Amino acid sequence: MITTVSPEARTPPETRRPVGERALRVVGVLALVGIVLTIWLGLWVTPPDQFMGNWVRLLYVHPPMAWVAFLAYGLAFIASLAYLWPRTRSAIWDRLAGASAEVGVVFTGLTLVTGSIWGRPTWGTWWTWDPLLTTTALLFVLYLGYLAIRHVPGSDEVRAKRNAIAALVAFVDVPVVYFSVYLWQSLHQTPSILNLTTRKTTIHGSMAWTMLLGFCSFTLAFIWLVAQRYRLAGLEAREESHGLEIALVERRLEGGR
Amino acid sequence: MNGYVIGGYLVVMISLGTYAVFLVGRLRAARRRLTATLPDAEERATDDTGSFR
């Protein structure tokens, strides 16, 4: 009898798993070190801004929060497309989209809160119905809805397909948020880095480096959080199917009595 | 430095820290529950091929 063994099966699990875990640990440590450095540079090293004074220090965390939220929704969008595409259809994509969107919701919430804290002293109000703020709040609600839809009962395939379609619909708001400062009269300033109108960067020196470090550190934190959430989703799915197996066995035993 | 700036940083750190701790806690609890019932469950979940069973 000829038996074929897949390459994965030939490799003992003890040698496979730690590689991913070690890489993830490195990402986590780098994210933590980067965030601590961003806080130190942002609060104590960088100078106050000529116009904004010390309020500028909030900008070392606020734009990175928004960037990570966009990244999270972008990843959820790509993963959902991959699920809907028949050739790449896999539960992996559905789980990845769910994990990424959940982390994205956390970062969108933080974008709104840090923006509000910055708006109070600079604009004189915690909230205004500015196009950017309004579309961002809508984005937050849309993805909260997406996370709620993920819990609607149904077969695995139906749920995953429904989730993927919902993620694609919710993503429509992402470009609207980004271009709202260019499309409408907005109180919110245009991006300091890569401004599409002026094609110039309006932040320089230690301030620019600190903001860049913030972008990198929070991106690493995002990777770490999504990986953890993705793993949790995998375990929950396994737990769910195991619970079903137990229920089926119990049912069979009941029938046999 | 002022209260708004410190408050902004605190909100970010506390929220992300709480979320990370919450995730790790749930992950450990799920692993414990599964390994108690299925010794190879964690390995199978990690090596998931993505197919719906």
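Residues numbered from 1 in each chain as written. Chains lettered and ligands numbered in written order. Predicted model: local features only at pLDDT ≥ 70, side-chain atom pairs only at ≥ 80, totals over all residues.

**A closer look at the overall build of chain A**
Tallying secondary structure elements over chain A gives 8 helices and 0 strands in all. Helices and strands in chain A line up, N terminus first, as α-α-α-α-α-α-α-α. The long-range fraction of contacts in chain A, counting pairs at least 24 apart against all pairs at least 6 apart in sequence, stands at 77%. (Helix = DSSP H or I, 4+ residues; strand = E, 2+ residues; numbered from the N terminus. Contact = placed C-beta atoms within 7 Å.)

**Describing the overall build of chain B**
The number of helices and strands found in chain B is 2 helices and 0 strands. Going through the 53 residues of chain B one by one, you find that 23% of them count as buried. (Buried ≥ 20, exposed ≤ 12 C-beta atoms within 10 Å, placed from the backbone.)

**Here's the deal with the packing of helix 4 (residues 91–123) of chain A against helix 6 (residues 156–171) of chain A**
All names here are of chain A. Between helix 4 and helix 6, the least distance of the axes is 10 Å, while the angle of their chain directions is 45 degrees. Overall, the two elements helix 4 and helix 6 adopt an arrangement that is oblique. The chirality of how helix 4 crosses helix 6 is left-handed. Packed against helix 4, whose contacting residues are Ala91, Asp94, Ala97, Gly98 and Ala101, the element helix 6 presents Ala160, Asn163, Ala164 and Ala167 at the interface. For the contact of helix 4 with helix 6, the per-class residue count stands at 6 nonpolar, 2 polar and 1 charged. (Axes fitted to C-alpha atoms, helices over the stretch in contact; angles between N-to-C directions. Parallel < 35°, antiparallel > 145°, perpendicular 65-115°, else oblique. Left-handed = near helix turned anticlockwise from the far one by under 90°. Nonpolar A, V, L, I, M, F, W, Y, C, P; charged D, E, K, R; others polar.)

**Overview of the environment of Leu142(A)**
All names here are of chain A. Along the chain, the position of Leu142 falls in helix 5 (residues 131–149). Measuring from C-alpha to C-alpha, the distance between Leu142 and Ala167 comes to 9.0 Å, with 25 residues separating the pair along the chain. In contact with Leu142, other than residues within four places in its own chain, are Ala170 and Asp173.

**A short note on the environment of Leu112(A)**
Residues and elements named next belong to chain A. With respect to the element layout, Leu112 can be found in helix 4. Residue Leu112 is classed as buried on the basis of its 20 C-beta neighbours within 10 Å. Placed 50 residues apart in sequence, Leu112 and His62 show a C-alpha to C-alpha distance of 8.6 Å. The contact partners of Leu112, leaving out residues within four places of it in the chain, are Thr136, Ala137 and Phe140.

**Details of the confidence of the model for chain B**
Residue and element names in this part refer to chain B. In the predicted model, chain B carries a mean pLDDT of 78, and the fraction of residues at 70 or more is 68%. Confidence over residues 48–53 falls short of pLDDT 50; this stretch has 10 contacts with residues more than four positions distant or in other chains. Here the complex is predicted with pTM 0.83, and the ipTM for its interfaces comes to 0.82. (pLDDT = per-residue confidence, 0-100.)

**What to know about the nonpolar core**
Ranked by size, the top nonpolar core spans 69 residues in total, and within it Ala72(A) and Ala167(A) carry the most contacts. Sequence-distant contacts of Ala167(A), that is, excluding residues within four places in its chain, are made with Ala76(A), Phe77(A), Ser80(A), Ala97(A), Ala101(A) and Tyr146(A). (Core = buried A, V, L, I, M, F, W, Y, C linked by C-beta atoms within 7 Å.)

**A few points about helix 1 (residues 3–37) of chain B**
Relative to the 51 Å expected for 35 residues at 1.5 Å per residue, helix 1 of chain B spans 50 Å between its end C-alpha atoms, a close match to the ideal helical length. Within helix 1 of chain B the residues assigned to the buried category are Val5(B), Gly8(B), Tyr9(B), Val12(B), Leu16(B), Tyr19(B), Leu23(B), Ala30(B) and Leu34(B). (Expected span 1.5 Å × (residues − 1).)

**A word on the confidence of the model for chain A**
All names here are of chain A. When pLDDT is averaged across chain A, the result is 86; 86% of the residues are at 70 or more. Highest mean pLDDT in chain A belongs to helix 3 (residues 62–84) (96); lowest belongs to helix 1 (residues 7–10) (45). Note that residues 1–16 has pLDDT below 50 and, in this model, 4 contacts with residues that lie over four places away or in other chains.

**Observations regarding helix 6 of chain A**
Residues and elements named next belong to chain A. Here helix 6 spans 22 Å end to end across 16 residues, near enough to the 22 Å set by a 1.5 Å rise per residue. Along helix 6, the positions that sit buried rather than exposed are Ala160, Asn163, Ala164, Ala166, Ala167, Ala170 and Phe171. Buried residues along helix 6 cover an arc of 165 degrees about the axis, so they all sit on one side. Relative to its buried face, helix 6 has exposed residues pointing more than 90 degrees away, namely Glu157 and Val158. (Arc of directions from axis to C-beta.)

**Regarding the packing of helix 5 of chain A against helix 6 of chain A**
All names here are of chain A. Running from amino to carboxyl end, helix 5 crosses helix 6 at an angle of 180 degrees, the nearest separation of the two axes being 10 Å. By the angle between their directions, the pair helix 5 and helix 6 is classed as roughly antiparallel. In this structure, helix 5 uses Leu142, Tyr143, Tyr146 and Ile149 to contact helix 6, whose residues at the interface are Arg162, Asn163, Ala166, Ala167 and Ala170. Taken together, the residues of the contact of helix 5 with helix 6 break down into 7 nonpolar, 1 polar and 1 charged.

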